[in-house]
Amino acid sequence: MQVEVFSNKKHIGTADLQVGDESMGHLYGELIPLESYYLLVQDTIREFWEKGDGNYTKINALNLRIRLPSGYCIVGAGGITIDDLEELPNESKRIDIAGVDFGLIRHYLENYK
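All of these numbers come straight from a predicted model, not from anything done at the bench. Note that residues are indexed from 1 along each chain, following the sequence as it is written. Where local features are concerned, this predicted model is filtered to residues with pLDDT of at least 70; where side-chain atom pairs are given and counted, the filter is 80 or more; whole-chain, interface and lining totals use all residues. Side-chain figures throughout are based on the complete set of non-hydrogen atoms in the structure, without hydrogens or water.

Description of the confidence of the model for the protein
The condition is simple: For every residue, the predictor reports its confidence as pLDDT, a number between 0 and 100. Helix numbers and strand numbers start at the N terminus; a helix is a DSSP run of H or I with at least 4 residues, a strand a run of E with at least 2.
Of all residues in the protein, 98% attain a pLDDT of 70 or more, and the chain-wide mean is 89. At the level of individual helices and strands, the protein shows its lowest average pLDDT in helix α4 (residues 102–112), which scores 74, and its highest in strand β2 (residues 10–16), which scores 97.

Below, the structure written as structure tokens:
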């Protein structure tokens, strides 16, 4: 499922999401970042993973959102994370969304794919 990724109201990338664990409402995929990702988001993401202290304050302030082509936004009750480590700059960036209502995802896939 092709989606757009936003931080606050700024488009930061795209991703092709797939189901990871339906019972957990988990979607994941490779984030294809735009220049705005590098300018506005990357430092906060890398700091979060570097510190490893579980402090989500700065991550939550990014207000990460996933928008379907229909314009509907996916909300993950468990949050959204992006894997981007400074030690692995050439690795792809993975995005995970947890706690998604799969009734809505099934509806989207059946009607809009």
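Section: the pairing of strand β3 (residues 18–21)
For clarity, the cut-off: Being paired, for any two strands, means DSSP has found at least two bridges between them.
As paired strands, β3 and strand β4 (residues 26–33) are joined by 3 bridges and run antiparallel to one another. Within β4, the residue paired with Val-19 across the bridge is Leu-27. Counting the residues in the hairpin turn of β3 and β4 gives 4 residues, including Gly-25, whose phi is positive at 65°.

Let's talk about a nonpolar patch on the surface
Selection criterion: Within this analysis, patches are made of residues with over 30% relative accessible area and no salt bridge. Like charges are joined at 9 Å or less; nonpolar side chains (Val, Leu, Ile, Met, Phe, Trp, Tyr) at 5 Å or less. Only the protein chains shown count as covering a residue, and every accessible area follows the Shrake-Rupley method with a 1.4 Å probe. Salt bridge, as used here, is a side-chain nitrogen of Lys or Arg placed within 4 Å of a carboxyl oxygen of Asp or Glu.
Where nonpolar side chains cluster on the molecular surface, the patch consists of Trp-49, Leu-85 and Leu-88 and spans about 250 Å² of accessible area. Here Leu-88 lies in the loop between β7 (79–83) and β8 (93–98).

Focus: the environment of His-26
Let me state the cut-off plainly: We call two residues in contact whenever any of their non-hydrogen atoms come within 4.5 Å of each other.
Position of His-26 relative to the elements: it lies in strand β4. Sequence separation between His-26 and Tyr-72 is 46 residues; the distance between their C-alpha atoms is 17 Å. Once residues lying within four places of it in the same chain are set aside, the contact partners of His-26 are Gln-18, Val-19, Gly-20, Asp-21, Arg-94, Asp-96, Ile-97 and Phe-102.

Concerning the packing of aromatic side chains
Put simply, the rule reads: The aromatic pairing rule takes the rings of Phe, Tyr and Trp, using the six-membered ring of Trp, and pairs them if the centres are within 6.5 Å, calling planes under 30 degrees apart stacked, those over 60 edge-to-face and the rest tilted.
Taken as a whole and assessed by the stated rule, the structure comprises 3 aromatic pairs. With a centroid separation of 5.4 Å and 80° between ring planes, the pair formed by Tyr-37 and Tyr-38 is classed as edge-to-face. Following the ring pairs from residue to residue traces out a cluster consisting of Phe-48, Trp-49 and Tyr-56.

Topic: the nonpolar core
To keep it simple, the criterion reads: We define the nonpolar core as a collection of buried residues of types Ala, Val, Leu, Ile, Met, Phe, Trp, Tyr and Cys that are connected through side-chain atoms lying within 4.5 Å of one another. Each residue gets one of three labels from its accessible area relative to the maximum for its type: buried under 20%, exposed over 50%, partly exposed in between, using a 1.4 Å probe on protein chains only.
Among the nonpolar cores identified, the biggest contains 26 residues, and Met-1, Leu-17, Leu-27, Ile-66, Ile-74, Ile-95 and Ile-97 are the most heavily contacted of them. Going through the elements one at a time, β1 (2–7), β2, β4, α2 (42–51), β5 (64–67), β7, β8 and α4 are the ones with two or more residues in this core. Among the elements that make up this core, the one with the highest residue count is α4 (3 residues). Non-local contacts of Ile-97, meaning those with residues more than four positions away in its chain, are made with Leu-17, Gly-25, His-26, Leu-27, Ile-66, Ile-74, Gly-76, Gly-79 and Ile-80.

Thoughts on a negative patch on the surface
For clarity, the cut-off: When charges are counted, Lys and Arg are positive and Asp and Glu negative, with His and the chain ends excluded. The atoms used to mark charge sites are NZ of Lys, CZ of Arg, CG of Asp and CD of Glu.
A contiguous patch of negative charge on the surface is contributed by Asp-43, Glu-50, Glu-86 and Glu-87. You can see Glu-87 is positioned in the loop between β7 and β8. Accessibility expressed as a relative area gives 60% for Glu-87, which makes it exposed.

Re the pattern of salt bridges
For the structure on display, the rule yields 6 salt bridges. Between Asp-84 and Arg-46 there is a salt bridge; the shortest N-O distance is 3.1 Å. You can see Asp-84 sitting in the loop between β7 and β8 and its partner Arg-46 sitting in helix α2, a full 38 residues away along the chain. In this structure, Asp-84 and Arg-46 share a single accessibility class: buried.

Describing the layout of surface pockets
As a reminder of what qualifies: The way it works is a 1 Å grid over only the protein atoms, where trapped points that fit a 1.4 Å probe form a cavity and open points with protein on both sides within 12 Å along at least five of seven lines form a pocket, and then any residue with an atom within 4 Å of a point lines it. Grid points are joined across faces, edges and corners, and a volume is the space filled by probe spheres set on the points. When residues are grouped by polarity, Ala, Val, Leu, Ile, Met, Phe, Trp, Tyr, Cys and Pro land in nonpolar, Asp, Glu, Lys and Arg in charged, and all others, Gly among them, in polar.
Reported here for the largest pocket is a volume of approximately 240 Å³. Lining the largest pocket are 14 residues, with Asn-60, Arg-65, Gly-76, Gly-79 and Ile-80 positioned closest to its centre. Sorting the residues of the lining of the largest pocket by element identifies α3 (57–61), β5 and β7 as the ones contributing at least two each. Looking at the lining of the largest pocket element by element, the count peaks at 3 residues for β7. Here the residues of the lining of the largest pocket are counted per class, giving 6 nonpolar, 6 polar and 2 charged.

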